[in-house]
Amino acid sequence: MKTSFTSKIVFIFLCLFAMTGCGKKDAELENYKANMNQFFENVRIFDSSINSIDPDSETAVSELLALLDSMDTSFAQMASLEVPDGFPGVEELADEASSCMSEAVSYYHQAYEGEYNASYEEAARQNYARANEMLQYIVSIFRGDIPEEIYTYNDGTEEISENPEPAEE
């Protein structure tokens, strides 16, 4: 499972979050930043650990699944954080990222425990990619960019849409 994409998200996030709110001493924001920094550091460590698993080892599957279980727990903790004002949509995106990661981990267990199942592995990969996509959106919001892919506009109000309609030309 390639996760270098995750490493790029972590690096970008850490750089951007270090710049967010410079000079602002809001305790809620500082606490959130510290928790999110820890989350992304955890993701970086999971990424490194997963990539260091010897695929030929007899324990490779159990090592991978244990790391994915821990990653799932970390995503759930991240999603439970109270998001300070100024980050529209982040709470919903974090919830969706956690949900997708939970589904991915469940499918990875089904794919690798017992007889290998390629269909479950593909479903796991898709959910894993979706969780990472949600993280990418969160990073964009922290940067001040609201990704058009996740918003629809109705009567001047913003709403997150899981399945946005394609723009008409």
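Placed above this text is the structure.
Please read these numbers as outputs of a predicted model, since none were measured by experiment. (Residues numbered from 1 in each chain as written. Predicted model: local features only at pLDDT ≥ 70, side-chain atom pairs only at ≥ 80, totals over all residues. Heavy atoms only, no water.)

### Focus: the overall build of the protein chain
Inclusion rule: The helix count covers DSSP runs of H or I at least four residues long, the strand count covers runs of E at least two residues long, and both are numbered beginning at the N terminus. Here a residue-residue contact requires only that any non-hydrogen atoms of the pair lie within 4.5 Å. Accessible surface is estimated by sampling points in the Shrake-Rupley manner with a 1.4 Å probe; for residues, cover comes only from the protein chains shown.
Of regular secondary structure, the protein chain possesses five helices and two strands. Looking at the protein chain alone, contacts between residues at least 24 apart form 65% of all its contacts between residues at least 6 apart. Total accessible area computed for the protein chain in this model is approximately 9,800 Å², and 47% of it derives from carbon and sulfur atoms.

### A word on the packing of aromatic side chains
Inclusion rule: Only Phe, Tyr and Trp rings take part, Trp by its six-membered ring, and two of them pair if their centres are within 6.5 Å. Stacked means planes under 30 degrees apart, edge-to-face means over 60, and tilted covers everything else.
Applying the stated rule across the entire model yields eight aromatic pairs. Ring geometry for Phe39 against Phe75: centres 5.1 Å apart, planes inclined by 80°, an arrangement best described as edge-to-face. Placement of Phe39 in helix α2 (residues 27-51) and of Phe75 in helix α3 (residues 60-79) is noted, with a sequence separation of 36 residues between them. Each ring, one from Tyr108 and one from Tyr112, has its centre 6.0 Å from the other, and the planes form 5°; the classification is stacked. Taken together, the residues Tyr108 and Tyr112, both in helix α4 (residues 90-112) and four residues apart, mark about one turn of the helix. Through a chain of ring-to-ring contacts, three or more aromatic side chains come together here, namely Tyr32, Phe87 and Phe142.

### With respect to the environment of Asn35
Tracing the backbone through its elements, the reader meets Asn35 in helix α2. Along the sequence, Asn35 and Leu81 sit 46 residues apart, while their C-alpha atoms lie 8.0 Å from each other.

### Considering the nonpolar core
Selection criterion: As used here, the term nonpolar core means buried Ala, Val, Leu, Ile, Met, Phe, Trp, Tyr and Cys residues forming a set that is joined through side-chain atoms within 4.5 Å. Relative accessible area decides the class of each residue, using a 1.4 Å probe on protein chains only: under 20% of the type maximum gives buried, over 50% gives exposed, and in between gives partly exposed.
Met36, Phe39, Leu68, Phe75, Met78, Val90 and Tyr108 are the most contacted members of the largest nonpolar core, which has 42 residues in total. Of all the secondary structure elements, the ones that give two or more residues to this core are α2, α3, α4 and α5 (118-142). Discounting residues that sit within four places of it in the chain, Phe75 has contacts with Phe39, Val43, Ala97, Ser98, Met101, Ala131 and Leu135.

### Points about the pattern of salt bridges
Using the following cut-off: A side-chain nitrogen of Lys or Arg and a carboxyl oxygen of Asp or Glu constitute a salt bridge if their distance falls within 4 Å.
Inspection of the entire model under this criterion finds six salt bridges. One salt bridge connects Glu121 with Arg125, and the closest N-O pair in it is separated by 3.1 Å. A residue pair is termed a helical-turn pair when its members lie 3 or 4 positions apart in one helix, as Glu121 and Arg125 do in helix α5 at four residues. Taking the relative accessible area as the measure of exposure, Glu121 reaches 12% and is therefore buried. Note on Arg125: relative accessible area 36%, which makes it partly exposed. Here Glu133 ties to Arg130 by a salt bridge, and the two come within 3.2 Å at their closest N and O atoms.

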